[in-house]
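# Examination of the molecular architecture
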Amino acid sequence: MSKLPVLEVRELTVRSAERTLLQNVSFTVQPGEWRALVGESGSGKSVTAAAVMGMLPQELESTGTVFIEQTDLGKLSKRERRRFCGRHVGMIFQDYANSLTPSVRVGTQLKEVFRFSGGGNKKEADARIVEVLEQAELSPQAVLDKYPFELSGGQLQRVAIAMAVIHRPPLLIADEATASLDASTSKKMISLIRNIQKQTGCAVLWITHDLHTVSRCADTVSVMYGGQMMEQLRLSGSEPAFVHPYSRLLFGSILRLVPEKRPLSFIPGDPAQISERGCSFALRCPYAVASCDRERPSPHRMTDTHEVSCHVIHQGGLPHEHSASSGELKKELSQTTGIGSGQLLHSAR
Ligand code: SF4
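Residues numbered from 1 in each chain as written. Predicted model: local features only at pLDDT ≥ 70, side-chain atom pairs only at ≥ 80, totals over all residues.

- By the naming in an unreviewed UniProt entry, the chain goes by Peptide/nickel transport system ATP-binding protein and is assigned to Lihuaxuella thermophila.
- Of the comments in the UniProt record for the chain, the one headed Subcellular location (unreviewed entry) reads "Cell membrane". (UniProt positions renumbered as here; feature names shortened; annotations may be inferred.)

Below, the structure is given as structure tokens:
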């Protein structure tokens, strides 16, 4: 199997007339890897997916490079890019029912997708449709001649997954695919995609704000805030070893990943508070120092599988425990770095 990334995003920046939506975002997805792209609303996760697929609204301007299987998508025309992505990427959306045309039978739609994505003749299409429906744990006889409105929500969801992988794409992008599902259905869907991934060897880019799903499926996590990449980490062990203030507060705020002896964290402020000049988290960060609001922190490689963008961490500040309040975080920071609370940007908080 190739060791070259299936997807490589370099210095991706997206701007609207009013503001910068993504700032120098870089990451890779390796063959067979499941990478979760996480963050609160407005962090830039879905803009990243749209930019990768060339589906940004016309009024947005983007720079940077996107490679899929070593092809530079920026060098393709709009039509070529659409066709290339159609063949190399499968997409699963939150609104899976809208992936299907209500007035066309499921079997016909699967055949069309197979043909558009460069599939073979009719015999090959029929065989592949049966195979992919069975992978999605559906009986072909039960769905092929049906219209989408005749299927249950669960069946529709599985047909949407089958449609996304029918052409054996090396990359599957799932954008908030479990956002509208209850916990038990979401678990089943993840396990289904995991099985398909094992059978086909495809890589998965899992875009989500549901942190519970991350611990269930991801090999690696990229944490975004306000259009900037905060931290990227390969998961190992039972608890992710995040060090970035935002990641720690974010993941410390969910019950499953917090050991009982630690209190739950909370993130001060709200997701709309984004600093435009320096670190995008500076307006909410309990650790922020003056430089945070002025200069954007560059990514710093902690290990081969761990990258962090944070001024204070680059200066050697690495508090060891999750904390419940900004006051406790400030105390830890002072102990680990010698930065006094008077030097913190939000010392009045
Ligand atoms: S300490 Fe500064 S650079 Fe680090 S996350 Fe907080 S605001 Fe950003």
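### Describing helix 9 (residues 245-252)
- Burial of helix 9 is extensive: eight of the eight residues sit out of reach of the surface.
- For helix 9, the full list of buried residues reads P245, Y246, S247, R248, L249, L250, F251 and G252.
- Buried positions along helix 9 lie against helix 8 (211-217), strand 9 (220-225) and strand 10 (228-234). (Buried ≥ 20, exposed ≤ 12 C-beta atoms within 10 Å, placed from the backbone. Helix = DSSP H or I, 4+ residues; strand = E, 2+ residues; numbered from the N terminus. Contact = placed C-beta atoms within 7 Å.)

### Things to note about the nonpolar core
- Counting residues in hydrophobic clusters, the biggest one holds 89 residues, and the most contacted among them are A162, L171 and W206.
- For this core, the element with the most residues is helix 6 (residues 153-165), which contributes eight residues.
- Structurally, this core is a two-domain feature, drawing no fewer than three residues from each of domain 1 (7-218) and domain 2 (242-343). (Core = buried A, V, L, I, M, F, W, Y, C linked by C-beta atoms within 7 Å. Domains from an automatic or database assignment.)

### A look at the sheet that holds strand 1 (residues 7-15)
- Taken in spatial order, the four strands of this open sheet run 2-1-4-5, and their pairing is antiparallel. Looking at which strands have only one partner, the edges of the open sheet turn out to be strand 2 (20-29) and strand 5 (71-72).
- Pairing of strand 1 with strand 4 (residues 61-68) involves seven bridges; the strand directions are antiparallel. Its bridge partner lying in strand 4, E8 is registered against F67.
- Helix 1 (residues 45-53) contacts strand 1, strand 2 and strand 4 of the sheet and is inclined by roughly 110 degrees relative to strand 1. (Pairing = 2+ DSSP bridges. Axes fitted to C-alpha atoms, helices over the stretch in contact; angles between N-to-C directions.)

### Observations regarding the site of the ligand
- Surveying the vicinity of the ligand reveals 13 residues, the closest of which are C279, C285, Y287, C292 and C310.
- Contributing elements (two or more residues each) for the shell around the ligand: helix 9 and helix 10 (311-314).
- A per-class count over the shell around the ligand returns twelve nonpolar, one polar and no charged. (Near = placed C-beta within 6 Å. Nonpolar A, V, L, I, M, F, W, Y, C, P; charged D, E, K, R; others polar.)

### A closer look at helix 4 (residues 122-135)
- Between its first and last C-alpha atoms helix 4 spans 20 Å; for 14 residues at 1.5 Å apiece the expected length is 20 Å, and the two agree.
- Within the span of helix 4, buried status applies to I129, V132 and L133. All buried residues of helix 4 project into a common sector of 100 degrees when viewed along the axis, lining one side. Of the exposed residues in helix 4, those oriented more than 90 degrees away from the buried face are K123, E124, A127 and E134.
- Check the buried side of helix 4 and you find it contacts helix 3 (106-116), helix 5 (140-143) and helix 6.
- Where helix 4 ends, the next residue or the one after it, E137, has phi of about 60 degrees, a positive value. (Expected span 1.5 Å × (residues − 1). Arc of directions from axis to C-beta.)

### Observations regarding the sheet that holds strand 12 (residues 306-308)
- Taken together, the eight strands give an open sheet; going across it, the order is 6-7-8-3-9-10-12-11, and neighbouring strands pair in mixed fashion. Here the strands that pair on one side only, and so sit at the sheet edges, are strand 6 (89-93) and strand 11 (300-303). Each strand of the sheet is rotated relative to its neighbour by a mean of 20 degrees, with strand direction disregarded.
- Note: strand 3 (residues 34-38) against strand 8 (residues 203-208), five bridges, orientation parallel. By the bridge assignment, R35 is partnered in strand 8 with L205.
- Packing of helix 6 onto the sheet brings it into contact with strand 6 and strand 7 (171-175), and relative to strand 6 it is tilted by some 160 degrees.

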